[in-house]
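For reference, the chains in residue letters:
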Number of protein chains: 2
Amino acid sequence: MDLADTLADTPQFSPLYRQIADMLTRSLQAGEWQPGQPIPSEQELAVRYKVSQGTVRKAIDALASSNLLVRRQGKGTYVASHTEATTQFRFLRLTPDSPEPLSARKLAAPATPHEPLARRFLDCRRQRPPAEVAVALGLRGGALAVQVRRLLYFRERPVVLDDLWLPAALFKGLTWERLAAYRGPMYGLFEAEFGVRMIRAEEQIRAVAADAAVATLLESVSGAPLLEVSRIAYTFGDRAVEFRRGLYDTRHHHYRNTLG
Amino acid sequence: MDLADTLADTPQFSPLYRQIADMLTRSLQAGEWQPGQPIPSEQELAVRYKVSQGTVRKAIDALASSNLLVRRQGKGTYVASHTEATTQFRFLRLTPDSPEPLSARKLAAPATPHEPLARRFLDCRRQRPPAEVAVALGLRGGALAVQVRRLLYFRERPVVLDDLWLPAALFKGLTWERLAAYRGPMYGLFEAEFGVRMIRAEEQIRAVAADAAVATLLESVSGAPLLEVSRIAYTFGDRAVEFRRGLYDTRHHHYRNTLG
DNA sequence: GAGTGGTCTAGACCACTGA
DNA sequence: CAGTGGTCTAGACCACTCG
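Calculation criteria
Residues numbered from 1 in each chain as written. Chains lettered and ligands numbered in written order. Predicted model: local features only at pLDDT ≥ 70, side-chain atom pairs only at ≥ 80, totals over all residues. Heavy atoms only, no water. Contact = heavy atoms within 4.5 Å. Buried area = accessible area lost by both parts, 1.4 Å probe. Salt bridge = Lys/Arg side-chain N within 4 Å of Asp/Glu carboxyl O. Helix = DSSP H or I, 4+ residues; strand = E, 2+ residues; numbered from the N terminus. Expected span 1.5 Å × (residues − 1). Buried < 20%, exposed > 50% of the residue type's maximum accessible area, 1.4 Å probe, protein only. Arc of directions from axis to C-beta. Near = heavy atom within 4 Å. Polar contact = N/O pair within 3.5 Å; in protein donor to acceptor, adjacent residues only side chain to side chain. Nonpolar A, V, L, I, M, F, W, Y, C, P; charged D, E, K, R; others polar. Core = buried A, V, L, I, M, F, W, Y, C linked by side-chain atoms within 4.5 Å. pLDDT = per-residue confidence, 0-100. Pairing = 2+ DSSP bridges. Axes fitted to C-alpha atoms, helices over the stretch in contact; angles between N-to-C directions.

**Considering the interface of chain A and chain B**
Move 1: Listed as interface residues are 44 residues of chain A and, on the opposing side, 45 residues of chain B.
Move 2: Both sides together, the interface formed by chain A and chain B hides about 3,600 Å², and carbon and sulfur atoms give 55% of it.
Move 3: Here chain A is connected to chain B by 2 salt bridges.
Move 4: The closest approach of N and O atoms between D97 of chain B and R206 of chain A, which form a salt bridge, is 2.6 Å.
Move 5: For the side of chain A that touches chain B, the secondary structure elements donating two or more residues are α5 (131-137), β7 (200-209), β8 (225-235) and β10 (253-259) of chain A.

**So, helix α2 (residues 16-29) of chain A**
Residue and element names in this part refer to chain A.
Move 1: Counted at 1.5 Å a residue, the expected span for α2 with its 14 residues is 20 Å, and the 20 Å between its end C-alpha atoms agrees.
Move 2: For α2, every residue scored as buried is listed here: I20, A21, L24, T25, S27 and L28. Relative to the axis of α2, the buried residues are bounded by an arc of 160° and lie together on one face.
Move 3: Once α2 ends, the next one or two residues include G31, with phi positive near 80°.

**Observations concerning the protein's contact with DNA strand D**
Move 1: For DNA strand D, the set of nearby residues contains 21 residues, the closest of which are L16, T55 and K58 of chain A together with R57 and R71 of chain B.
Move 2: The share of sugar and phosphate among atoms of DNA strand D within 4 Å of the protein is 83%.
Move 3: In this structure, a phosphate oxygen belonging to DNA strand D sits 2.3 Å away from a side-chain N or O atom of T55 of chain A.
Move 4: A distance of 3.1 Å separates a phosphate oxygen of DNA strand D from a polar side-chain atom of K75 of chain A.
Move 5: Looking at the surface near DNA strand D, the elements with two or more residues in it are α2 and α4 (53-65) of chain A together with β1 (69-72) and β2 (76-79) of chain B.
Move 6: The residue makeup of the surface near DNA strand D, split by class, is 5 nonpolar, 9 polar and 7 charged.

**What about the nonpolar core?**
Move 1: Formed by 70 residues in total, the largest nonpolar core has its most connected members in L174 and F190 of chain A together with L174 and F190 of chain B.
Move 2: In this view, L174 of chain B contacts C124, R126, V146, V148, L166, L179, L189, F190 and F194 of chain B; residues no more than four positions away in its chain are not counted.

**Some details on the confidence of the model for chain A**
Detail in the predicted coordinates should be disregarded across regions flagged by low pLDDT.
Residues and elements named next belong to chain A.
Move 1: Mean pLDDT over chain A stands at 91; residues scoring 70 or higher make up 89%.
Move 2: Note on residues 1-8: pLDDT is under 50 here. Beyond four places in sequence and across chains, it has 1 contact.
Move 3: In the predicted structure, residues 100-112 sits below a pLDDT of 50 and forms 14 contacts with residues beyond four places in sequence or in another chain.

**Things to note about the side chain of E228 of chain A**
Move 1: Relative to the assigned elements, E228 of chain A resides in strand β8.
Move 2: Here E228 of chain A is in contact with Q204, I205, R206, V208, R245, G246 and L247 of chain A, once residues within four sequence places are set aside.

**What to know about the protein's contact with DNA strand C**
Move 1: With respect to spatial proximity, 21 residues lie near DNA strand C, and among them R57 and R71 of chain A together with L16, T55 and K58 of chain B are the closest.
Move 2: In this structure, a phosphate oxygen belonging to DNA strand C sits 2.7 Å away from a side-chain N or O atom of K58 of chain B.
Move 3: Its residues placed into classes, the surface near DNA strand C shows 5 nonpolar, 9 polar and 7 charged.

**Remarks on the sheet that holds strand β9 (residues 239-248) of chain B**
By way of backbone hydrogen bonds, the strands of a sheet pair with one another, either parallel or antiparallel.
Move 1: Taken together, the 8 strands give an open sheet; going across it, the order is β3(A)-β10(A)-β7(B)-β8(B)-β9(B)-β6(B)-β5(B)-β4(B), and neighbouring strands pair in antiparallel fashion. Only two strands of the sheet have a single neighbouring strand rather than two, namely β3 (94-96) of chain A together with β4 (118-127) of chain B. Here the average twist between neighbouring strands, direction ignored, is 25°.
Move 2: Pairing geometry for β10 of chain A and strand β7 (residues 200-209) of chain B, over 5 bridges, is antiparallel.

What follows is the structure, encoded as structure tokens:
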């Protein structure tokens, strides 16, 4: 084994379609095509990049399966957007319990698992983040963060208490008023007004006991078991841009997950 | 709109590669190729089904992405198996907390998230299942189920208490002794000795308080918050073959999930 | 009917594995 | 080296959408 081998244990072979996919990703990141808008047709892109349509196709397949693009047969390929109904609950896995037992609802309409949730914003302020948050977001020195706290309601009852932190540098002008005024999911606001697109997220889930303050906000009792969901959300280039800690009241809701 | 339209709101167009994928699935279900063994090469299958290699390829792609097959470049395509190290933790999402904060472990070795877990089986008995379980498993009349209870240990401490139910008709001869004697994951045993392959599962997660009996088993205290993970696991044809309720002690572990 | 994505083919060549 | 999966091409045709 020589030096070259040692340096190159990451294989540097990259197929054409991967390179095309990377170029498309850069165009998306640069905003060449906007969320909700169509990108050029496969044929056009094949000409632009001087490859066959099949290769462009495979590149688009890759981006579509990471939810960056959405294909619509007969119409075109569109830039994915958090403001669309279909993408609504991609990042919120809490679902109301069905009156029926665990299975048996196979034939029920799985289309809209929720009715729209009401929200109430408690705080929105800039401050120095705790060390854990600074590390998670890669904030150095005294870089500020925006802290947002909010409640989510289902049928007039509080179910989720979220406490989230964003790099202040990326969210200049984010205020309580703008949060409260926006209709639709928060990630839609981030995408539309700050150009920050959440691509994927990692969650860690545990059970904790409600303290007095939390119990009051969730209309529960001190010591009640809650789901604690810690999330780091990433944008292009695996850059962490949100740290979030959610407390879920699971007396009438559950977190759903599919193991493939 | 005529009658044909009314009956056929499910589009009945099925591309060739889908039909091939379905035939391959039936062969897998019938045991024509065994877990861990290679299936015929793409070229052979193309000849057998009288289609091009590209079409076989697309069919295999579909099955590989649902974890039924595993591709190995230069070697062949293999039937996925629960007895292999790579598939080990596909269905167990509980991970020990890392000493570092939530992120920052990006560069750490993500290969083996766990050391092997010790197990202790508490029960294995046949009996009439509770209504909820019977519904979930589609058991009719007085059909029996096998109930298994077990503890999972990490570093000598109990962390998971599982209570699971299986259709007795599919697991004839499953005994405490066989469970205790088997090395490796339980789904490996089910696959190897009963021909039951778990393909996918749905989980519902909530936070609950430990009762006295559970607290004793998990070496915790009554009222301590625990993660309750309810699972229904499915085999070929979306047939439910396992109902499981797990209680996880998350004082030093967490359930991890990726949102894509 | 024109334009889009979706399928299928046939053939060439590349990257990887193991004897 | 032969055999496998992985990539790429060029071209034909199909299914879907919309004006």
